Amino acid sequence: DQQVKQNSPSLSVQEGRISILNCDYTNSMFDYFLWYKKYPAEGPTFLISISSIKDKNEDGRFTVFLNKSAKHLSLHIVPSQPGDSAVYFCAASAPSGNTGKLIFGQGTTLQVKP
Amino acid sequence: NAGVMQNPRHLVRRRGQEARLRCSPMKGHSHVYWYRQLPEEGLKFMVYLQKENIIDESGMPKERFSAEFPKEGPSILRIQQVVRGDSAAYFCASSPIRGKGANTEAFFGQGTRLTVV
C-alpha cells in the first residue's frame, strides 16, 4: 500500500516558468511533510518541509502548500531554473513513534528546459 | 567536515553471496537510518539505529537482512545469500537528533548500488 503518492512520474517546464509538483497521502495521522531533491548517482538532499499545523511554507524560490482536508501537498518552484532538473521526492513523517522515519513517494522527474 | 560516507559505491555479488554495506555518519551524528530504493520506486525505510541499539527495524525483511551500528566504526547493513530481487540502491542517512527534528537534520549519503548477478 502506497501511503504517499506522486502520480506524475515526470514534468517538463520552460526556464523562468513555475514548476508545480504534486503529492497525495492517505494516512491522516501524518503530521510532517518534506520535499527532497535528488540528482542521479547522489543521495537525496533536503529541500523544504511543512508541519501539519501550517498550510504554507516558503523558502526563496520554493513554496510548499498543504491541504489537509484533501490530503494533498504541492511544491512550487518559481522561477524554474535548468539546475532544478532532478527527481523530487515527497515524504511524510511516520505517525507512530517519534523516530524520524520517513515514508517516501515514488518521485517526479522535473526537467527545466533553457 | 565530511558528509555521510557510504562504501562501496557499487557492489556486484553473485546469487548466494553476502553483501556488506558500510555507512559512516557525519561527525557528531549518533542516529543512522537505512533506506532502499528499488528501480522506478521511492525510498523505503528499512531500519533506524543508534550506537549499539536497533531502535526501529520495521522495514527490514524478516530473513537474510541485518544491521548494526557498533560503538566504534561504521554502521553495517548485511545481506546474506543475496538474490536478484535485492538489487537496488541502498541509502544511509544520519542525524544528530532523534524524532521530528531529525527529518530536517538528516543528511543522506550517496548510496551503494548493489547488483546481484
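Quick look at the structure, then.

1. A word on the pairing of strand β7 (residues 62–67) of chain A
All names here are of chain A.
- Across 4 bridges, the pairing between strand β6 (residues 56–59) and β7 is antiparallel. Across the sheet, the residue bridging to D59 is F62, located in β7.
- Where β6 folds back on β7, the antiparallel hairpin that results is connected by 2 residues, among which G60 adopts a positive phi of roughly 65°.
- Of the pairings in the sheet, the one linking β7 to strand β8 (residues 72–77) comprises 6 bridges and is antiparallel in character. Bridging across to β8, N67 finds its partner in H72.
- What sits between β7 and β8 in their antiparallel hairpin is a turn of 4 residues, with K71 showing a positive phi close to 50°.

2. A look at the packing of aromatic side chains
- On inspection of all chains with the given rule, the structure shows 12 aromatic pairs over all chains.
- Judged by centre distance (5.5 Å) and plane angle (85°), the rings of Y36(A) and F108(B) are edge-to-face. Taken together, the residues span two chains, with Y36(A) in strand β4 (residues 32–38) and F108(B) in strand β10 (residues 107–108).
- Residue F108(B) is classed as buried on the basis of its relative accessible area, which comes to 12%.
- Measuring from centroid to centroid gives 5.7 Å for Y35(B) and F108(B), while their planes differ by 50°, and the two rings are tilted.

3. Focus: the sheet that holds β6(A)
All names here are of chain A.
- Strands sit in the order β1-β3-β8-β7-β6 across an open sheet of 5 strands; the sheet is antiparallel. The two strands at the open ends of the sheet, each matched to only one other strand, are β1 (4–5) and β6.
- Here strand β3 (residues 19–25) runs beside β8; their pairing, made up of 6 bridges, is antiparallel. Along β8, the bridge assignment pairs S19 with I77.

4. What about the sheet that holds strand β8 (residues 75–79) of chain B?
Residue and element names in this part refer to chain B.
- Strand order in this open sheet of 4 strands is β1-β3-β8-β7, and the pairing throughout is antiparallel. Every interior strand has two partners, whereas the edge strands, β1 (5–7) and β7 (65–68), have only one. Across the sheet, the mean angle from the axis of one strand to that of its neighbour is 15°, orientation sign disregarded.
- Judged from the 4 bridges that link them, β7 and β8 form a sheet pairing that is antiparallel. Note that in β8 the partner of E68 across the bridge is I76.

Cut-off values and rules
Residues numbered from 1 in each chain as written. Chains lettered and ligands numbered in written order. Predicted model: local features only at pLDDT ≥ 70, side-chain atom pairs only at ≥ 80, totals over all residues. Heavy atoms only, no water. Pairing = 2+ DSSP bridges. Helix = DSSP H or I, 4+ residues; strand = E, 2+ residues; numbered from the N terminus. Phe/Tyr/Trp six-rings, centres within 6.5 Å; stacked < 30°, edge-to-face > 60°. Buried < 20%, exposed > 50% of the residue type's maximum accessible area, 1.4 Å probe, protein only. Axes fitted to C-alpha atoms, helices over the stretch in contact; angles between N-to-C directions.

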